[in-house]
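# Descriptive analysis of the structure
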Amino acid sequence: MAQIAAPPPREPVSIWRSLLGYIFDVRVIGVLGQIGFILLIVFVARAIGGNFAANAGRLGEAQFICRDGSFNYRCAYDFMESEAGFDIADAPKDYVNTDPYWRAFGIGVRNSLRVAVLGVILTAVVGTIAGIARLSNNWLISTLALWYVEITRNTPLLIQLFFVYFGVILTLPGLREAIRIPILDVYLSNRGLSIPSPQFTSSAAIWLAFLVLGVIQFQVLWIILGRREERTGRASNRVSWGIASFLIVAGLGWAVSTAVSETQGLMVTRANRIREVNDLEKMMLQRTGLNHLDDVDTLSEDELAAAEFKVCVVEDSSSETNLTRQLRRMGIPFSVNRSDRPDQATEKYAEGTCEAFAATKSVLAAERSTLEDLNSHLIIPVREIPIVWSMPTLEGLNLVGGTRLRPEYTGLLLALVIFYGGSLAEMVRAGIQSVSKGQSEAARALGLTEGQRLQLIVLPQALRVIIPPGIGVALSLAKDTSLGIAIGFPDMYAVSYTTMNQSGRVLQLFLLIMLVYMLISLVFSLLLNWYNERIKLVER
Amino acid sequence: MTTLTESISQLRGSLGRGFNWQIFLEDNITGSWLQTIWVLLLAIVTAFVAAGQFAKLPVSTIVVLIAWFVGILLVAVGALSYRHTPLSRWLKNNLLSSVSNTILTLLVVLAIVAAINGVWQWGVVNATFDSVNTAPEFQPDNGATWGVIWAARKLLMTGQLAPAVTWRLWLAIGWIAVLWALSYVTGRPSLKARLRQLRVVTNVLWVLYPLFLYIFLAGVPKADYNVSAVLIGAVLLTAVYLLLWWQKVINFSYPTLIATLVAWPVFYTIWWGIGQSEVFSPINVDTWGGLMLTLIIAASVIVLSLPLGMVLALGRQSQVYGIPVWIIWPVAIVATLYYAFTSSPALWATARNPVEQLLALWPLLILAVAYLIGRMFRGNIVSAASTTFIELIRSVPLITLLFMGIVMAPFFLAPDAITPPKPWPVIVAYTLFSSAYMAETIRGGLQAIPKGQYEAADSLGFNTLQKMRFIILPQALRIVIPPIVGQFIGAFKSSSLVSVVGLFDFMGITRSILANPQWLGLRLELYVFLAVVYFLGSSVMSAYSRRLEVRLGAGER
């Protein structure tokens, strides 16, 4: 039998040894190393900062000069308040090149966001369609989708952008031969894409309130019917009831807002004897000598031109769309004279270029007070509906009305959507394929329809797989709007670049750009992560 | 009682005898109102497209229509007689499975025919292939002028590189071809055992290839022999060797130690000698261009971003014992108080607007950073720094970083330094960008390794370096090969962005060629060429990645 040896007596450890043991503890070494790391970072930062301070005086003397000529870092952004001096192709009407740099920069940010937001939405649509097409049981469609994905994923975005912009958009016919898609009233030409745009009149607020009401009652009805369903065990058609009641509320709101509000007006001379819009018909009959306005076509061109009701408007105002819509409906021949600002329109009205001036009542009242013989002018009410659609129409060499998306914008948007649609398609395909076949079979066995199967079984599970990489696609798309500079789209980056070239303030603008991109990235990822949190699988 | 098989065959017999229109209609058209509308819409659109096409391309449209009808006929006959031929079965399964699919097939075929016809007319029928007469007056109206690609071949491939040094580019290409051949030969299973030493030499040459490329294409300046540089380099290299040995990552042997000791001096001497001989005199790097520059940038970024990304990923995942809170907070509070009394009051007093007043409160930022480090990273500075770097870089577009590299470099370099030629800052900025993404990819691989592997390595007494080198990284990297190659492809494709910042890479030189009066009016020809080259490059890379995956994954599971 082996004897268990007694443990050797423990030797007393000297204080120095135990101290050494503490020092060579992994944790102590780690902490010391990290402190060293901080010192290294500080050292490098100081070196670079020192270089920068030395160079700031030499290379960019103007960078930090204040208005009074003194040198101070706090004046880095003062230059942004001075005149920009350059035009921006894709800017709101009221931008002029004497506006400050800040304004120009803001417009650049707005342009970037316009591309990014619409781009993400359209990419989701295109990617989903292409991803589902990849799984189509039609060999041609799936092969086509495969080639779409392969080509978009294996060539640089920049080349695709040039293809779309130079190869497609700029080779479209000119404005006069623009391709018109009939029912939608969309015009496509090498000057861009013109689409009908909604204009909100002031009664839109009332209608919107009704819409909110509609949504609320939809929810309430949904819950009530759902409870009844649970109680009785009988299915009620919640969707149809909800939509129907919502439509009723919306329709009611439309009627109410049309009846209640009268903010639109028309200024006419008292001598014309027009007291309401309907009087125009009588006036027109008198003027043309016809018995009925349907016979207007029988007039010769000169006669028609003489009889036309000439109205002045401010360009792109909802009043214009609202009035012309009514005139057209009444069959009254008219011509529109557009001005940029109300006072210009008033001037034209006063000098007799047009017989009437259409605007909101408040504008008209203000403008009327500027007229000399204000008592000889009347403001008559014009009925309005909450939303009027401004339609693009070809007038001579120009397209008026609607919203025009410039070719650069259309090109950039299209290229981004095509490129990222291809990336997203693969994610959608992988997501759908990740849902096991048994799930679909079980759904069919339960007797769900194909639509229900997709909506209730496949999509919720597929989305969990699709969303996380989809967030990456959205973020990349938002960042790649900066490629607009290659085709001359004035996004934030392009505007900053011009600003940089003009002012020489490179560092400030870079900081600004990075800040804005980070904010955009942050907002995008917060939104999408929030959505991801909502739909992701809740595990034990 | 009939058996199941019998009843089924009976059912089949009864079904086969007559074609049931009702079931057919319900399956294909009247199943739901949505289906009805969809089929009708499809039919109307297809009819319009076919009519429109017929007016333009009568012959091919008729051929397509006849083929379509024949296909339907084949499938119908096969289905009704229960005797599908291979062709009719394939048609039924893949193209003509339902009414809507049948119509869709016709629509797609018509569209494809139209597209192919358009491309054919533009690219072949109306095109010219003359590389001499490419000026605007010789360009066909509706066709391509392919000659420009041959005429501009020198620019497209090498940009503004002086013709006198083109031989050095050929040398580089020849060198890589030789290496490839060596790798191929030594990698043959039948020769692998016999040529083991040659294989080692080949691998070393591969590792050194970037250096040779640099010598060939950038050149070596004539310089004095710097003894201290030799000594410092040798000492550093040996220190790294000893460190790795101390951490038991490599085995100690005298030959390797001696090799490490002399490697740098030998290399430096050769470098110096090349400089003296002036065979490879320096080339102005700004003259690089064309496909050459694209490949150089892409390859540098790929080669550099992998190790850097690995370091960043390991940094972000590091489990180092963080700086304890009882150190962080006192330091942060003292620093905050110090700056709050020395810097803030003056700033606050001279602030001109609310924003500047807010900025005057900057010492509070120190507290915020301390809070973040303590709370989010548990005092782990390495992780905090890596994470910050990665997230900062990932939130900005590449172009911004590239511009920053070019424009800001003179600001951050020492005042007396010479501004480097454009490709260098671009490569640096691009590498930083790429490595941030690479880090995230590798982190995905690190996180995919089961915890048990880390724990097993710990319980075996491995130190951190050993654990990573022998256990974690080999597995993690294998998992992330597909995304890493995806990143490489992305780096190759996105290298075209350097043209936006004024480099004359493949894309940039193309844009300048298009602006040349000699070739005015051309565009798509070169873009098509570019797209094809990029497509081929990317496809080769992804094909290689699939092979690599198979090879490395062999024996796994």
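Report on the accompanying structure. (Residues numbered from 1 in each chain as written. Chains lettered and ligands numbered in written order. Predicted model: local features only at pLDDT ≥ 70, side-chain atom pairs only at ≥ 80, totals over all residues. Heavy atoms only, no water.)

### So, the overall build of chain A
Within chain A, the secondary structure is distributed over 17 helices and 13 strands. In terms of overall dimensions, chain A has a C-alpha envelope of 135 × 80 × 45 Å along the principal axes. Considering only intrachain contacts with a sequence separation of at least 6, the fraction spanning at least 24 residues in chain A is 69%. Accessible area of chain A: about 29800 Å², with a carbon and sulfur share of 62%. The centroid of the 48 positive side-chain charges in chain A is displaced by 11 Å from the centroid of its 48 negative side-chain charges. (Helix = DSSP H or I, 4+ residues; strand = E, 2+ residues; numbered from the N terminus. Contact = heavy atoms within 4.5 Å. Areas by Shrake-Rupley, 256 points an atom, 1.4 Å probe, with all protein chains shown as cover. Lys, Arg positive; Asp, Glu negative; His and termini not counted. Charge placed at Lys NZ, Arg CZ, Asp CG, Glu CD.)

### Description of the overall build of chain B
Looking only at helices and strands, chain B features 25 helices and zero strands. Since a compact globule built from 557 residues should have a radius of gyration of about 24 Å, the 33 Å found for chain B marks it as more spread out than a globular shape. In chain B, 34 side chains carry a positive charge and 19 a negative one; their mean positions are 10 Å apart. (Rg over C-alpha atoms; globule rule 2.2 N^0.38 Å.)

### Focus on a nonpolar patch on the surface
Residue and element names in this part refer to chain B. Together, L242, W245, F252, Y254, I258, L261, V262, V266 and I270 line one region of the surface with nonpolar side chains, adding up to about 840 Å² of accessible area. Sorting the residues of the nonpolar patch by element identifies α11 (227–246) and α12 (254–277) as the ones contributing at least two each. Top element by residues in the nonpolar patch is α12. It accounts for six residues. Relative to the elements of secondary structure, V266 occurs in helix α12. Looking at V266, the relative accessible area reads 45%, which means it is partly exposed. (Patch = residues over 30% accessible without salt bridge, like charges linked within 9 Å, V, L, I, M, F, W, Y side chains within 5 Å. Salt bridge = Lys/Arg side-chain N within 4 Å of Asp/Glu carboxyl O. Buried < 20%, exposed > 50% of the residue type's maximum accessible area, 1.4 Å probe, protein only.)

### As for the sheet that holds strand β3 (residues 192–195) of chain A
All names here are of chain A. Pairing is antiparallel across the open sheet formed by four strands, whose spatial order is β1-β2-β3-β13. Looking at the sheet topology across the chains shown, the edges are occupied by β1 (179–181) and β13 (403–405). Across the sheet, the axes of successive neighbouring strands diverge by a mean angle of 20°, strand direction being ignored. (Pairing = 2+ DSSP bridges. Axes fitted to C-alpha atoms, helices over the stretch in contact; angles between N-to-C directions.)

### Things to note about the packing of helix α3 (residues 101–134) of chain A against helix α16 (residues 492–503) of chain A
A pair of packed helices is captured by two measures, namely the crossing angle of their axes and the spacing between those axes. Residues and elements named next belong to chain A. Viewed as axis vectors pointing N to C, α3 and α16 meet at an angle of 155°, and their least axial separation amounts to 7 Å. Of the possible angle classes, the one that applies to α3 and α16 is roughly antiparallel. Within the contact between the two elements, α3 uses Y101, A104, F105, G108, V109 and S112 and α16 uses M492, V495, S496, T499, Q502 and S503. Of the residues that constitute the contact of α3 with α16, the class distribution is six nonpolar, six polar and no charged. (Parallel < 35°, antiparallel > 145°, perpendicular 65-115°, else oblique. Nonpolar A, V, L, I, M, F, W, Y, C, P; charged D, E, K, R; others polar.)

### Let's talk about the state of the cysteines
All names here are of chain A. Within this structure, the stated rule accounts for one disulfide over all chains. What pairs with C312 in a disulfide is C354, and their sulfur atoms sit 1.9 Å apart. The chirality of the disulfide connecting C312 with C354 is left-handed, given an S-S dihedral of about -75°. With C312 in strand β6 (residues 309–314) and C354 in the loop between α11 (342–350) and β8 (356–360), the pair connects residues that are 42 residues apart, well separated along the chain. Overall, the relative accessible area of 5% leaves C354 in the buried class. (Disulfide = S-S within 2.5 Å.)

### Some thoughts on the environment of F357(A)
Summarising the element assignment, F357(A) is placed in strand β8. Using a relative accessible area of 0% as the deciding quantity, one classes F357(A) as buried.

### Overview of the pattern of salt bridges
Residues and elements named next belong to chain B. Under the counting rule described, the total for this entry stands at 13 salt bridges over all chains. One salt bridge connects K222 with E278, and the closest N-O pair in it is separated by 3.8 Å. One end of the pair, K222, is in the loop between α10 (196–217) and α11; the other, E278, is in the loop between α12 and α13 (290–316), and 56 residues separate them in sequence.

### Considerations on the pairing of β6(A)
Two faces make up the sheet, and in a regular strand the side chains alternate between them. Residues and elements named next belong to chain A. For β6, the tally of buried residues reaches five of six residues, placing the bulk of the element in the interior. As judged from the six bridges shared by β6 and strand β7 (residues 334–339), these two strands associate in the parallel manner. Note that in β7 the partner of K310 across the bridge is S335. In this fold, the crossover linking β6 to β7 by way of helix α10 (residues 318–330) has right-handed handedness. Bridge analysis of β6 against β8 gives three bridges, and the strand direction is parallel. Across the sheet, V313 pairs through a bridge with A358, a residue of β8. (Right-handed = clockwise from strand over helix to strand, strands pointing away.)

### Section: the interface of chain A and chain B
Contact with chain A, which involves 57 residues of that partner, is made by 63 residues of chain B. The largest per-residue losses of area from chain A upon contact with chain B belong to Q34(A), R74(A) and N154(A), which jointly make up 13% of the total buried on that side. Our count for the chain A to chain B interface comes out at zero salt bridges. Our enumeration of links across chain A and chain B arrives at 13 residue pairs in polar contact (both at pLDDT 80 or more). For the side of chain A that touches chain B, the secondary structure elements donating two or more residues are α2 (26–58), α4 (139–154), α5 (157–169), α16 and α17 (506–535) of chain A. Per element, the largest residue contribution to the side of chain A that touches chain B is 15 residues, and it comes from α2(A). Within the side of chain A that touches chain B, the residues separate by chemical class into 36 nonpolar, 14 polar and seven charged. (Buried area = accessible area lost by both parts, 1.4 Å probe. Polar contact = N/O pair within 3.5 Å; in protein donor to acceptor, adjacent residues only side chain to side chain.)

### Quick notes on the side chain of S197(A)
When you line up the elements, S197(A) lands in strand β4 (residues 197–200). Beyond its immediate stretch of four places on either side in the chain, S197(A) contacts V388(A), W389(A), S390(A), G402(A) and T403(A).

### Some details on the sheet that holds strand β9 (residues 377–381) of chain A
Residues and elements named next belong to chain A. Taken together, the five strands give an open sheet; going across it, the order is β7-β6-β8-β5-β9, and neighbouring strands pair in mixed fashion. Of all strands in the sheet, those with a lone pairing partner are β7 and β9, marking the two edges. Going from strand to strand, the sheet's axes swing by 30° on average, the running direction of each strand aside.

### Some words on the nonpolar core
Formed by 155 residues in total, the largest nonpolar core has its most connected members in L158(A), W288(B), I297(B) and L402(B). Judged by nonpolar contacts, the second largest core, of 25 residues, contains M283(A), L293(A), V311(A) and L327(A). (Core = buried A, V, L, I, M, F, W, Y, C linked by side-chain atoms within 4.5 Å.)

### Description of the packing of α3(A) against helix α15 (residues 450–480) of chain A
All names here are of chain A. Orientation of α3 relative to α15, taken along the N-to-C sense of each, is 145°, at an axis distance of 9 Å. Two packed elements cross with a definite hand, and for α3 against α15 that hand is right-handed. In contact with V115, A116, G119, V120 and T123 of α3, α15 contributes V473, A474, L477 and A478. Looking at the contact of α3 with α15 residue by residue, the class counts come to seven nonpolar, two polar and no charged. (Left-handed = near helix turned anticlockwise from the far one by under 90°.)

### So, the environment of N94(B)
Tracing the sequence through the fold places N94(B) in helix α5 (residues 86–94). Once the C-alpha coordinates of N94(B) and T105(B) are considered, the two residues, eleven residues apart in sequence, prove to be 9.6 Å apart. N94(B) has contacts with N137(A), N138(A) and W139(A), leaving out every residue within four places of it along the chain.

### What to know about the packing of aromatic side chains
In this structure the tally under the stated criterion is 40 aromatic pairs over all chains. When the centroid spacing of 5.9 Å and the interplanar angle of 40° are considered together, the rings of F52(A) and F412(B) count as tilted. On the criterion of chain membership, the pair formed by F52(A) in helix α2 and F412(B) in helix α19 (residues 398–412) is interchain, its members lying in two chains. A relative accessible area of 29% places F412(B) in the partly exposed class. Relative to F403(B), the ring of Y493(A) lies with its centre 5.7 Å away and its plane at 55°, an arrangement referred to as tilted. With Y493(A) in helix α16 and F403(B) in helix α19, this pair bridges two chains. Like Y493(A), the residue F403(B) is buried in the burial classification. (Phe/Tyr/Trp six-rings, centres within 6.5 Å; stacked < 30°, edge-to-face > 60°.)

This is a description of form; function is not addressed.
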